[in-house]
Amino acid sequence: MLRLNSPQQAGQILVTRRKALSLSQAAVAACLGISQNRLSELEAHPERFTLDRLLALASQLGLELVLQDKTPPTDESEW
């Protein structure tokens with residue numbers, strides 16, 4: 001499971017997944033009903049994703065978003 005801490009991290013995960021599936025931006029964009037240029041912009045600036053667009057893209061890439069309680073940090077230092 002991957003934990004997200006920033007929009008940029010989400011963008012990296014989505015781009016990496018798309019490439020791992022050997023999907024072009026044009027193919028994914030067509031499934032989402034947007035232009036390849038728009039998908040390129042969203043991948044470069046993931047903070048611009050709307051929630052519905054993020055969910056749709058994740059679904060196209062075989063991913064799902066899960067929200068859960070945050071795991072409290074553990075203090076396991078030896079000092």
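Quick caveat, the model's predicted, so the values are computed rather than measured. (Residues numbered from 1 in each chain as written. Predicted model: local features only at pLDDT ≥ 70, side-chain atom pairs only at ≥ 80, totals over all residues. Heavy atoms only, no water.)

Asks: Can you help me understand the overall build of the protein in this one?
Replies: Looking only at helices and strands, one finds four helices and zero strands in the protein. If you list the helices and strands of the protein from N to C, you get α-α-α-α. For the protein, the C-alpha atoms occupy an extent of roughly 55 × 20 × 20 Å along the three principal directions. Here the protein holds 79 residues, and the buried ones make up 24% of them. For the protein, contacts bridging at least 24 residues in sequence account for 51% of all contacts bridging at least 6. Of the accessible surface of the protein, which amounts to about 6100 Å², a share of 53% is contributed by carbon and sulfur atoms. Measuring between centres, the 8 positive side-chain charges of the protein sit 11 Å from its 9 negative side-chain charges. (Helix = DSSP H or I, 4+ residues; strand = E, 2+ residues; numbered from the N terminus. Buried < 20%, exposed > 50% of the residue type's maximum accessible area, 1.4 Å probe, protein only. Contact = heavy atoms within 4.5 Å. Areas by Shrake-Rupley, 256 points an atom, 1.4 Å probe, with all protein chains shown as cover. Lys, Arg positive; Asp, Glu negative; His and termini not counted. Charge placed at Lys NZ, Arg CZ, Asp CG, Glu CD.)

Asks: Looking at this structure, how should I read helix α1 (residues 7-20)?
Replies: An ideal rise of 1.5 Å per residue puts 20 Å on 14 residues; α1 measures up with 20 Å between its terminal C-alpha atoms. All buried positions along α1 are accounted for by A10, G11, L14, V15 and R18. Around the axis of α1, the buried residues are gathered within 130 degrees of arc, so they sit on the same side. Among the exposed residues of α1, those oriented more than 90 degrees off its buried face are Q12, K19 and A20. Following α1 by one or two positions, S22 has its phi on the positive side, about 55 degrees. (Expected span 1.5 Å × (residues − 1). Arc of directions from axis to C-beta.)

Function cannot be read off these values alone, since they describe shape.
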